[in-house]
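Single-letter residue listing:
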Amino acid sequence: MEKRVGVGFLALGLLLTIVPMAVAVRLFDFEEARRYLLANDLGITPPMGWNSWNHFNCKIDEKVIKQTADALVATGLAKLGYEYVNIDDCWAEINRDENRTLVAKKSTFPSGLKALAGYVHSKGLKLGIYSDAGYFTCSKTMPGSLGHEEKDAKTFASWGIDYLKYDNCYNDGSRPTERYPIMTRALMKARRPIFFSLCEWGDMHPALWGSKVGNSWRTTNDIADTWDSMISRADMNEVYAQFARPGGWNDPDMLEVGNGGMTKDEYIVHFSIWAISKAPLLIGCDVRNATKETLEIISNKEVIAVNQDTLGVQAKKVRSEGDQEIWAGPLSGYRVALLLVNRGPWRYSVTANWDDIGLPSGTVVEARDLWEHKTLKKRFVGNLTATMDSHACKMYILKPIS
């Protein structure tokens, strides 16, 4: 098997290559302001919630948002931590009002965003919104926030917004490292804790500078509801594992579980990788009509607990051989999260050795199977082997007992 090494040196080289000294100075000068953002306790664990884009695209309205909030509560997802109800693109009129303020689209959000936030808050949830560090958003159906950052941040705060996804379309050609900090400063001036999600598609390796600017940063282009798209985003995101920490997370895009393009096993792999990678868990399906199978996947308390573990260390792909992979990362309480993945077309066995996953070779561990919801009777020393079907996985928590 091939052991993965050298990511830190690669990332450092990229940082020195892509971030000019002037920009680097601006970012480091920004550290004092950044402390205020972290003092609001935003993103101490990866955010959980729902986003409208993957399933609805632009076909959204306040009825869908209210019903989604209701569904998160009714299904028990809210109690599991899915607290953000995030509106993506296409919510605003194409023109600002006479005061240059963004205006909710009257045909789809007639009550306005402040009233909608009030409804979502009344359910014990939080409302997220979308804008862009350009002149238009990616749909080109509404204005972006470029040149209006302070105005828009104050508007979002006045409406009671709790989360901002900030895209990168139709910009002026300047670097994201110049445009995104402007909105960060504007959000802090607005004096409302708003989770700031950078969505510049991994263009300039935001994992290398995003922690000084936002609470999460996209490391990839948009995901699609296919195995190849999902697994490739996992690969691209994993390269930056060392940069994730409480308050700032790598984001390989939103979940596709439940949208119908993958098998149950593939969706389980998808959810497992996102969880162990400490990625934001943002549901992307129509939760109002989610199937029992979908709810079983996204409601797995044990897998969610790995994602939300307070240690906040993103797992890495520690060994791989062809289509067989071993992902592992430390958890609080001296435990280890272990994910074995079979990306190939045939049933296959994979062995994880202790020296690859950070355990002393003679350690005896108890293994908890997170998808079978059972603790294995056998105790393991030195390694653990599992056999998996094609495009399937096994996920464990290993607890040293001697």
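Scroll up to find the structure this text is about.
The following refers to the structure shown.

Criteria and cut-off values
- Residues numbered from 1 in each chain as written.
- Predicted model: local features only at pLDDT ≥ 70, side-chain atom pairs only at ≥ 80, totals over all residues.
- Heavy atoms only, no water.
- Pairing = 2+ DSSP bridges.
- Helix = DSSP H or I, 4+ residues; strand = E, 2+ residues; numbered from the N terminus.
- Disulfide = S-S within 2.5 Å.
- Phe/Tyr/Trp six-rings, centres within 6.5 Å; stacked < 30°, edge-to-face > 60°.
- Lys NZ or Arg CZ within 6 Å of the ring centre and 35° of its normal.
- 1 Å grid on protein atoms, 1.4 Å probe; cavity = no way out; pocket = protein on both sides within 12 Å on 5 of 7 lines; lining within 4 Å.
- Points joined across faces, edges and corners; volume = space filled by probe spheres on them.
- Salt bridge = Lys/Arg side-chain N within 4 Å of Asp/Glu carboxyl O.
- Buried < 20%, exposed > 50% of the residue type's maximum accessible area, 1.4 Å probe, protein only.

### What about the pairing of strand β15 (residues 374-381)?
When a strand is regular, its side chains alternate between the sheet's two faces. Strand direction decides the pairing type here: strand β14 (residues 364-369) and β15, joined by five bridges, are antiparallel. By the bridge assignment, Arg368 is partnered in β15 with Thr375. Between the antiparallel neighbours β14 and β15 lie four residues, among them His373 with a positive phi of about 55°.

### Some details on the state of the cysteines
What the rule picks out here adds up to two disulfides. In this model Cys58 forms its disulfide with Cys90; the gap between the sulfur atoms is 1.8 Å. Pair noted here: Cys58 is in the loop between α4 (53-56) and α5 (62-74) and Cys90 is in the loop between β3 (84-86) and α6 (113-122), with a separation of 32 residues, a long-range link. For Cys138, the disulfide goes to Cys169, at an S-S distance of 1.9 Å.

### Points about the packing of aromatic side chains
Evaluation of the coordinates by the stated rule reveals 11 aromatic pairs. Each ring, one from Tyr166 and one from Tyr180, has its centre 5.3 Å from the other, and the planes form 80°; the classification is edge-to-face. Taken together, the residues Tyr166 in strand β5 (residues 163-167) and Tyr180 in helix α8 (residues 176-189) connect sequence positions 14 residues apart. Of the aromatic side chains, those joined through ring pairs into one cluster are Tyr166, Tyr180, Phe196 and Trp209. Over the aromatic face of Tyr119 sits the side chain of Lys66, whose NZ or CZ is 5.2 Å from the ring centroid. Positioned over the ring face of Phe136 is Lys140, at 5.6 Å from the centre of the ring.

### A short note on empty space enclosed by the protein
The tally for this structure, following the rule as stated, stands at two cavities of 30 Å³ or more. Lining the largest cavity are Asn51, Tyr163, Lys165, Ser197, Cys199, Arg218, Asp251, Asp253, Met254 and Leu282.

### What about the pattern of salt bridges?
Taken as a whole and assessed by the stated rule, the structure comprises 22 salt bridges. The closest approach of N and O atoms between Lys189 and Glu150, which form a salt bridge, is 3.5 Å. Of the two residues, Lys189 is situated in helix α8 and Glu150 in helix α7 (residues 149-159); the sequence distance between them amounts to 39 residues. Between Asp253 and Arg218 there is a salt bridge, with the nearest N and O atoms lying 3.2 Å from each other. Of the two residues, Asp253 sits in the loop between β8 (249-251) and α10 (264-276) while Arg218 sits in strand β7 (residues 216-218), which places them 35 residues apart along the sequence. Considered together, Asp253 and Arg218 belong to a single accessibility category, that of buried residues.

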